[in-house]
Amino acid sequence: MSAAVRHLAATGPWALLVIATLASGWLTHDLTDGRWSTALVILIASFKIRLVVVHFMEVTWGPRAWRLALEIWVLLATAIILAGYLLPSP
Amino acid sequence: MQAQGLKRAGLPGDPGLWVFILADMTAFALFFLLFTLGRMGDPALFEQSRLALDPAFGIANTLILLTSSWMMVQAVEAVRTGSRRRALLFLVLTIGIGLGFAVTKIVEYAGKIQAGITMLTNDFFMYYFAFTGIHFLHFVIGIGALLVTLAKARSAPMDDGMRRWTESVGCYWHMVDLLWIMLFPMLYLQRLS
């Protein structure tokens, strides 16, 4: 992959990350349903982390076990926060 | 032998650093669990406290770290292709943009302390100051590692050792970014459901 192609390859994910961040900010202000917009914001954060892991950290090219470990971390972190948020308090 | 295996398979940087990254991320997952349990115990207090935070700081910090990370990808690529001039340029941009995070964080902390909000105010702010403080410590270490990389990039040979070092620092820097991506909505954006 040439340097120019690699430059473009990182620029697309960065632009998507910026858009997703701004969308998260918008969701917290403009939607009346706080419950589902918050859940969506957490899912967006999860998606953003996957973009960083795959496109910035380049785990795609590494051993499958490491990618799996990071994928499990993303799933676990998202599940902890999302379940705690959506489940009724004791 | 393990290191050679990882390198062959193409994981960037030093294999030992990846063990550290995974361990560190696991610690943060535990922090997320602690905060979530605390929030479930007293959602009204956490909501009231959260409203004292300004999401604009969180959004600004996210954009700063994302952009700094993007510059770091370019710096790593420059070292891989042996372009010292581009490596220096993108490392300076990575550090310069990244330092914006320190500025906004210090302004934010100062505002809270001036308003009489500290770690001792309540459970929410104990978690807020502890977790963002630990993350900030990671950030400071990252800036230190980037400054060392900048110094090396000025005169060190652009060889395999330099490539591995820069990739390692890059992956650490992306981890700092990644952890903030989840800390931000957890602390600032979880509205009372």
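Please refer to the structure higher up on the page.
Quick look at the structure, then.

Procedures and definitions
Residues numbered from 1 in each chain as written. Chains lettered and ligands numbered in written order. Predicted model: local features only at pLDDT ≥ 70, side-chain atom pairs only at ≥ 80, totals over all residues. Helix = DSSP H or I, 4+ residues; strand = E, 2+ residues; numbered from the N terminus. Buried ≥ 20, exposed ≤ 12 C-beta atoms within 10 Å, placed from the backbone. Core = buried A, V, L, I, M, F, W, Y, C linked by C-beta atoms within 7 Å. Contact = placed C-beta atoms within 7 Å. Axes fitted to C-alpha atoms, helices over the stretch in contact; angles between N-to-C directions. Parallel < 35°, antiparallel > 145°, perpendicular 65-115°, else oblique. Nonpolar A, V, L, I, M, F, W, Y, C, P; charged D, E, K, R; others polar. Expected span 1.5 Å × (residues − 1). Left-handed = near helix turned anticlockwise from the far one by under 90°.

**A word on the overall build of chain B**
Then, in step 1: Looking only at helices and strands, chain B features seven helices and zero strands.
Then, in step 2: Reading the secondary structure of chain B in the N-to-C direction produces α-α-α-α-α-α-α.
Then, in step 3: Judged by the C-alpha coordinates and their principal axes, chain B covers about 55 × 35 × 25 Å.
Then, in step 4: Evaluated residue by residue, chain B yields a buried proportion of 39% over its 193 residues.

**Observations regarding the nonpolar core**
Then, in step 1: Residues B:Phe32, B:Ala75 and B:Met182 are the most contacted members of the largest nonpolar core, which totals 69 residues.
Then, in step 2: Here the element with the most residues in this core is helix α7 (residues 160-189) of chain B; it accounts for 18 residues.
Then, in step 3: Apart from residues no more than four positions distant in its own chain, B:Met182 is found in contact with A:Ala45, A:Ile49, A:Ala77 and B:Phe32.

**What to know about the packing of helix α2 (residues 15-41) of chain B against α7(B)**
Residues and elements named next belong to chain B.
Then, in step 1: For the pair α2 and α7, interaxial distance at closest approach is 11 Å and the crossing angle is 10 degrees. If you check the angle between α2 and α7, you find them roughly parallel. Facing α2, whose interface residues are Leu17, Ile21, Asp24, Met25, Phe28, Phe32 and Phe35, α7 presents Ser168, Cys171, Tyr172, Met175, Leu179, Met182 and Met186.
Then, in step 2: Here the contact of α2 with α7 is built from residues that sort into 12 nonpolar, one polar and one charged.

**Comments concerning the environment of B:Ile21**
Residue and element names in this part refer to chain B.
Then, in step 1: Mapped onto the elements, Ile21 comes out in helix α2.
Then, in step 2: According to the C-beta neighbour criterion, Ile21 is buried, with 22 such atoms within 10 Å.
Then, in step 3: Remark: the alpha-carbon pair of Ile21 and Phe90, spanning 69 residues in sequence, is separated by 23 Å.
Then, in step 4: Leave out the neighbours within four places in its chain, and Ile21 touches Cys171, Tyr172 and Met175.

**Structural notes on unusual backbone geometry**
Then, in step 1: At A:Glu58, a residue that is not glycine, the phi angle is positive and equals roughly 60 degrees.
Then, in step 2: The class of A:Glu58 is buried, set by 20 C-beta atoms lying within 10 Å.

**A closer look at the interface of chain B and chain A**
Then, in step 1: The interface is formed by 39 residues belonging to chain B together with 39 residues belonging to chain A.
Then, in step 2: Going through the elements one at a time, α1 (2-9), α2, α4 (55-80) and α7 of chain B are the ones with two or more residues in the side of chain B that touches chain A.
Then, in step 3: Take the side of chain B that touches chain A: its biggest share by element is 10 residues, from α4(B).
Then, in step 4: By residue class, the composition of the side of chain B that touches chain A is 26 nonpolar, nine polar and four charged.

**Concerning α7(B)**
Then, in step 1: Counted at 1.5 Å a residue, the expected span for α7(B) with its 30 residues is 44 Å, and the 43 Å between its end C-alpha atoms agrees.
Then, in step 2: The buried count for α7(B) comes to 25 of 30 residues, which makes it a mostly enclosed element.

**A short note on helix α6 (residues 123-155) of chain B**
Then, in step 1: Taking 1.5 Å of rise per residue, 33 residues should cover 48 Å, and α6(B) covers 49 Å from first to last C-alpha, within 8% of that figure.
Then, in step 2: Three or more residues of α6(B) are buried, namely B:Phe124, B:Tyr127, B:Tyr128, B:Thr132, B:Phe139, B:Gly142, B:Leu146, B:Thr149 and B:Ala153.

**Quick notes on the packing of α2(B) against α6(B)**
All names here are of chain B.
Then, in step 1: Viewed as axis vectors pointing N to C, α2 and α6 meet at an angle of 165 degrees, and their least axial separation amounts to 10 Å. Our classification of the angle between α2 and α6 gives roughly antiparallel. Crossing handedness for the pair α2 and α6: left-handed. Residues Phe31, Leu34, Phe35 and Gly38 of α2 pack against Asp123, Tyr127 and Phe131 of α6.
Then, in step 2: When the residues that make up the contact of α2 with α6 are grouped by side-chain class, the tally is five nonpolar, one polar and one charged.

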